[in-house]
Amino acid sequence: MKTSNPVLARLGQAAERERATGYAPTGPYGQPGYPQQYPGATGYPAAPPTVTPMSIDDVVVKTVVLLGILGASAAAAWVLVPDALLGVAWIGAAVVGLVLGLIISFSRMANPALVIAYAVVEGVFVGMVSKAFNSLYDGIVLQAVVASFGVFFLMTMLYKARVIRATPKFVRGMVAAMVGLFAVMLINLVLALFGVNTGLRDSSPLAIGFSLVCIVVASLSFVLSFAEVEEGVRMGLPQRYSWTAAFGILVSLVWLYIEILRLLSYFQGDD
């Protein structure tokens, strides 16, 4: 199965590298679960693998840890950052988070420190965005949090029941949709900097429709993440790659939350 989620795009390549260096848990005849023999060894197997393969439980634990770090960082930013610096902190965290996200996504090695740093910075971003929206529409943050986790758990159950599967056609469609949405949002941002209003983010019917499309794509992106986690476990990736897998899920969850928060604000704008 080829890589499908841009965030987890290098898991398959990582597995091949680990196998090539003898870390993957394979036996003398290629069967899983036994140490690999060195070429020319006679009668005695090589030392056991020095790296424990990751499991789904590892990914779950790392995801919970990252969510806890993000939540704590968001709460701290909400309380400690003055209102006068809200915009600066918002933009700064967004830029730093984007840079860290790109480094993690295209890195050839899993780096837990970078993933944790990303969760901290993204927590500041989420905290600032949430504070700004909540100052305008009281209670909207709690609604968005509940809706986001509700969608996440729904997608988890649908994937576990195999109602939705990461087929090749599904993967190609999702990758195209995510790339297209990213391009549209980037163009819209650039135009907004020059004072051009495209109507995609102003509570118009077009904006509501665009946010709904983003929410659907963000929700379905969990399917790609879940499929990649299963593939990483099947291929025997080292345990440290569970941080990379958890990072991918975190990115989708934050994107989903921001889009739900924005959509909810459209329906409260006239209050």
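All values derive from a computational prediction rather than experimental measurement.

Cut-offs and rules
- Residues numbered from 1 in each chain as written.
- Predicted model: local features only at pLDDT ≥ 70, side-chain atom pairs only at ≥ 80, totals over all residues.
- Heavy atoms only, no water.
- Helix = DSSP H or I, 4+ residues; strand = E, 2+ residues; numbered from the N terminus.
- Phe/Tyr/Trp six-rings, centres within 6.5 Å; stacked < 30°, edge-to-face > 60°.
- Buried < 20%, exposed > 50% of the residue type's maximum accessible area, 1.4 Å probe, protein only.
- Lys NZ or Arg CZ within 6 Å of the ring centre and 35° of its normal.

**Observations regarding unusual backbone geometry**
Thought 1: Positive phi outside glycine occurs at Arg 162, with the angle close to 65°.
Thought 2: Within the secondary structure, Arg 162 is located in the loop between helix H5 (140–160) and helix H6 (168–193).
Thought 3: Despite not being glycine, Ser 203 has its phi angle at roughly 70°, a positive value.
Thought 4: With respect to the helices and strands, Ser 203 occurs in the loop between H6 and helix H7 (205–234).

**Considering the packing of aromatic side chains**
Thought 1: Tallied over the full model, the rule gives seven aromatic pairs.
Thought 2: Measuring from ring centre to ring centre gives 5.0 Å for Phe 152 and Phe 222, while their planes differ by 75°; the resulting arrangement is edge-to-face. With Phe 152 in helix H5 and Phe 222 in helix H7, the pair connects residues that are 70 residues apart, well separated along the chain.
Thought 3: Here Phe 152 falls in the buried class, since its relative accessible area comes to 14%.
Thought 4: Plain terms: the ring middles of Tyr 159 and Phe 226 are 5.5 Å apart, the flat faces sit at 55° to each other, and that makes the pair tilted. In this pair, Tyr 159 is assigned in helix H5 and Phe 226 in helix H7, connecting sequence segments 67 residues apart. Each member of the pair, Tyr 159 together with Phe 226, is buried.
Thought 5: Chaining the aromatic ring pairs together yields one cluster made of Phe 149, Phe 152, Phe 153, Tyr 159, Phe 222 and Phe 226.
Thought 6: Positioned above the aromatic ring of Tyr 159, the side-chain terminus of Arg 162 is 4.8 Å from the ring centre.

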